[in-house]
Amino acid sequence: MAYLTRLEVCRRFSIDPAKLRSASGVQLLLALNKRRAQEVDFLEELPLLLQRDPQAAFALFGQRLRDSLTRGMIVWLGTLSPQALAAWQELLGHDLVQVVGGIRDGQYPAVITPGDLALCLAQDERFHGLMREALHGLDTLRIPRDRAEALENAGIGIRHRSRWERWLRDPTVIAYVVVFVYSTLRVLPVTFVDGFEGSLWVLWGLDIATAIPYTWGVVTMVAGKTSRLRLTGLAVTLITFLTPYAYFWLRGSNYPTYVVVVVYVLIGASLLYEALKVLRSRKLDRDLLHV
């Protein structure tokens, strides 16, 4: 079961997957795991409390905000009445809290980004002092560099992290390193294959060059907004996936039987893995809409 479907707000409300993707900034909702998404219970009362008693409001959510920023949390999910939604819009602007589903029992399912909330409060004179106190010494390891700079410019005393420290913890960088290592290791066994007459450098280069468009194709195939875009993603996925294998077959002959078997197993396993990812993503979309 996907993490999101275990959250109370996602069990009670019909969530629009497209709106949730847009609000969270992720392309695949499977990426919203327990480290990146969290259900909170204070969205309803927080805007009025910030207006009436900011000290009490920060006592309620200040530490939660700091912890979420430190952990690299992307979104908070909760519920709002129309009155609370209007209070948020009046207090901090229309775009800060986004509704991601239809109303039920007088409540909307809503999403707010902790990073956007922190920056908005830090730049507001009414809450600037409380934000400086709540976030002083904030570790910015998992906070985007531009967001960390914006917080610092707003007067928040942050703990700086070097570019290398950020890269070593960045999931995107880690993913590309894994692809690079996998592509390198996949080429090495070819040196021992009788019958291959092509260039290992060309094969390796094709592996590396197709990695990024292949990833784009998989994401677009699942989350593309139109049928044409999803079909384009499917075509890019198939072409970039098969290109290194096509070169391997075209620049070789009389491969031993075990080589043919291994290549087919690799192709089958990769296709099965991506198919399962697509099915899980689409099932999650259906589950979010089920109510």
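Just above, that's the structure.
Read on for an overview of the structure. (Residues numbered from 1 in each chain as written. Predicted model: local features only at pLDDT ≥ 70, side-chain atom pairs only at ≥ 80, totals over all residues. Heavy atoms only, no water.)

1. Comments concerning the overall build of the protein chain
Scanning the protein chain from terminus to terminus reveals 13 helices and six strands. Over its C-alpha atoms the protein chain spans a radius of gyration of 24 Å, topping by over 25% the 19 Å that the globule rule assigns to 291 residues. Counting only C-alpha atoms and orienting by the principal axes, one finds that the protein chain spans roughly 80 × 45 × 30 Å. Looking at the protein chain residue by residue over its 291 residues, the buried ones come to 41%. Pairs at least 24 apart in sequence give 68% of the contacts found in the protein chain among residues at least 6 apart. (Helix = DSSP H or I, 4+ residues; strand = E, 2+ residues; numbered from the N terminus. Rg over C-alpha atoms; globule rule 2.2 N^0.38 Å. Buried < 20%, exposed > 50% of the residue type's maximum accessible area, 1.4 Å probe, protein only. Contact = heavy atoms within 4.5 Å.)

2. Overview of the packing of aromatic side chains
Applying the stated criterion across every chain, the model contains 10 aromatic pairs. Taking 5.3 Å as the distance between ring centres and 85° as the angle between the ring planes, the aromatic pair formed by F42 and W76 counts as edge-to-face. Of this pair, F42 sits in the loop between strand 1 (37-39) and helix 3 (46-52) while W76 sits in strand 2 (residues 75-80), and the two are 34 residues apart along the sequence. Ring centres of F58 and F61 lie 5.2 Å apart, and the angle between their planes is 50°; this geometry places the pair in the tilted category. In this pair, F58 and F61 are both assigned in helix 4 (residues 54-71), three residues apart and thus about one turn of the helix distant. F61 matches F58 in its accessibility class, with the two residues each being buried. In textbook terms, an aromatic cluster arises when at least three aromatic residues are bridged by ring pairs, as seen for F196, Y247, F248, W249 and Y264. (Phe/Tyr/Trp six-rings, centres within 6.5 Å; stacked < 30°, edge-to-face > 60°.)

3. Description of the environment of V173
Locating V173 in the fold gives a position in helix 10 (residues 171-187). We classify V173 as partly exposed; its relative accessible area is 27%. For the pair formed by V173 and D287, sequence separation is 114 residues and the distance between their alpha carbons is 31 Å.

4. Focus on the sheet that holds strand 3 (residues 97-99)
Taken together, four strands build an open sheet; the order of strands is 1-2-4-3 and the sheet is mixed. Single-partner strands in this sheet number two, and they are strand 1 and strand 3. Neighbour-to-neighbour, the strand axes of this sheet turn through a mean angle of 30°, independent of strand direction. Each of strand 2, strand 3 and strand 4 (108-112) is contacted by helix 5 (residues 82-92), which is oriented at about 130° to strand 2, the strand it contacts most. (Pairing = 2+ DSSP bridges. Axes fitted to C-alpha atoms, helices over the stretch in contact; angles between N-to-C directions.)

5. A look at unusual backbone geometry
Even without being a glycine, D105 presents a positive backbone phi close to 55°. For D105, the position within the fold is in the loop between strand 3 and strand 4. Looking at D105, the relative accessible area reads 67%, which means it is exposed.

6. Describing the packing of helix 4 against helix 7 (residues 128-135)
The geometry of helix 4 relative to helix 7 is characterised by a closest axis approach of 9 Å and an angle of 45° between their N-to-C directions. If you check the angle between helix 4 and helix 7, you find them oblique. Here the hand of the crossing between helix 4 and helix 7 comes out right-handed. Listed contacts from helix 7 to P54, Q55, F58, L65, R66 and L69 of helix 4 are L130, M131, A134 and L135. When its residues are assigned to classes, the contact of helix 4 with helix 7 shows eight nonpolar, one polar and one charged. (Parallel < 35°, antiparallel > 145°, perpendicular 65-115°, else oblique. Left-handed = near helix turned anticlockwise from the far one by under 90°. Nonpolar A, V, L, I, M, F, W, Y, C, P; charged D, E, K, R; others polar.)

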